[in-house]
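# Chains, contacts and geometry: an overview
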Amino acid sequence: MLALPPGVRHIPGFLDRSAQEALVEDIRAVVRAAPLYVPTMPGSGKEMSVRMTNCGTLGWVTDRERGYRYQPTHPETGKPWPPIPEALLSIWRAVADYPLPPEACLVNFYGETAKMGLHQDRDEAEFAAPVVSISLGDACLFRIGGTTRAAPTVSFRLESGDLVVLGGESRLSFHGVDRIYPATSTLLKNGGRINLTMRRVTKPVA
Ligand code: SIN
Ligand code: FE2
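Let me begin by describing the structure that accompanies this report. Note that this is a predicted model, so its numbers are computed, not measured.

## Digging into the side chain of Asn195
Positionally, Asn195 belongs in strand 12 (residues 193-199). Given the relative accessible area of 6%, Asn195 is considered buried. Within the structure, Asn195 has its side chain in polar contact with the side chain of Ser133 (distance 2.9 Å). There is a polar contact of 2.7 Å between the side chain of Asn195 and the side chain of Thr197. Once residues lying within four places of it in the same chain are set aside, the contact partners of Asn195 are Leu106, Val107, Asn108, Tyr110, Ser133, Ile134 and Ser135.

Encoded structure:
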């Protein structure tokens, strides 16, 4: 594998099996309060293959009419997102090197055939904080490049319990998920992959 772009950290096996199991229980509770929904692309209304929900004071959502944005409530239930579980806040404190807690944790669920095209995380106002991403369940092929779409990319496998931190000069790197490797983990009873992405959205007030 080629070297990762500067600012990208991949920490394989950051969470052991019992920490992963506990986190899955936390996420099940989040999903009971804020059900997974089908996000749609701005303009075209095309359905994404990933199912999404959030926890935190803000959640990232997208739909045909209003596009990519953060909002404090679930688009279908209208209820506030549930809080970010303490285990996730503690991971952020351990790796983010940023003084304030995350405001949003996007929960992505990938079935066997789901994927995510190359994109930047840039709907936040605060880019000084990193994006902290946790993988649970089936492995995937993750792709990351530079800060332009045309920059060369490298791909590597993310396994259950792995952490990726996009910070510094890679905070705005293009990234995506090329494919899921079905049945490569026993963590989720019905298979699939969960990705949890924590972000700071607003700039701190001085
Ligand atoms: C994302 O970029 O929102 C998801 C990345 C991943 O699933 O690993
Ligand atoms: Fe992303």
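## Section: the nonpolar core
In this structure, Met52, Tyr110, Met116, Phe142, Ile144 and Val177 are the most contacted members of the largest nonpolar core, which totals 28 residues. Elements with a minimum of two residues in this core: strand 3 (59-61), strand 5 (104-110), strand 8 (139-144), strand 9 (154-158), strand 10 (163-166) and strand 11 (175-181). The residues touching Tyr110, leaving out its near neighbours within four places in the chain, are Val50, Lys115, Met116, Val177, Ile180, Gly192, Arg193 and Asn195. In terms of nonpolar packing, the next biggest core, distinct from the first, is built from 27 residues, Ile84, Leu88, Cys105 and Leu163 among them.

## What about the coordination of the iron ion (ligand 2)?
His119 (NE2), Asp121 (OD) and His175 (NE2) make up the full set of protein donors to the iron ion (ligand 2), lying at 2.1 to 2.2 Å. With 4 donor atoms in place around the iron ion (ligand 2) and angles of 90 to 174° between them, the coordination shape is irregular.

## Comments concerning the site of ligand 1
Lining the immediate environment of ligand 1, one finds Asn108, Tyr110, Met116, His119, Phe142, His175, Val177, Arg193 and Asn195. Within the side chain of Asn108, an N or O atom sits 3.3 Å from an oxygen atom of ligand 1. Here His119 contributes a side-chain N or O atom positioned 3.0 Å from an oxygen atom of ligand 1. Contact with the protein chains removes 97% of the 260 Å² of surface that ligand 1 exposes when unbound. Looking at the shell around ligand 1 residue by residue, the class counts come to 4 nonpolar, 4 polar and 1 charged.

Criteria and thresholds
Residues numbered from 1 in each chain as written. Chains lettered and ligands numbered in written order. Predicted model: local features only at pLDDT ≥ 70, side-chain atom pairs only at ≥ 80, totals over all residues. Heavy atoms only, no water. Helix = DSSP H or I, 4+ residues; strand = E, 2+ residues; numbered from the N terminus. Buried < 20%, exposed > 50% of the residue type's maximum accessible area, 1.4 Å probe, protein only. Polar contact = N/O pair within 3.5 Å; in protein donor to acceptor, adjacent residues only side chain to side chain. Contact = heavy atoms within 4.5 Å. Core = buried A, V, L, I, M, F, W, Y, C linked by side-chain atoms within 4.5 Å. Donors = N, O, S within 2.8 Å, 3.2 Å for Na, K, Ca; no water. Tetrahedral: all angles 85-135°; square planar, octahedral: opposite > 155°, others 65-115°. Near = heavy atom within 4 Å. Areas by Shrake-Rupley, 256 points an atom, 1.4 Å probe, with all protein chains shown as cover. Nonpolar A, V, L, I, M, F, W, Y, C, P; charged D, E, K, R; others polar.

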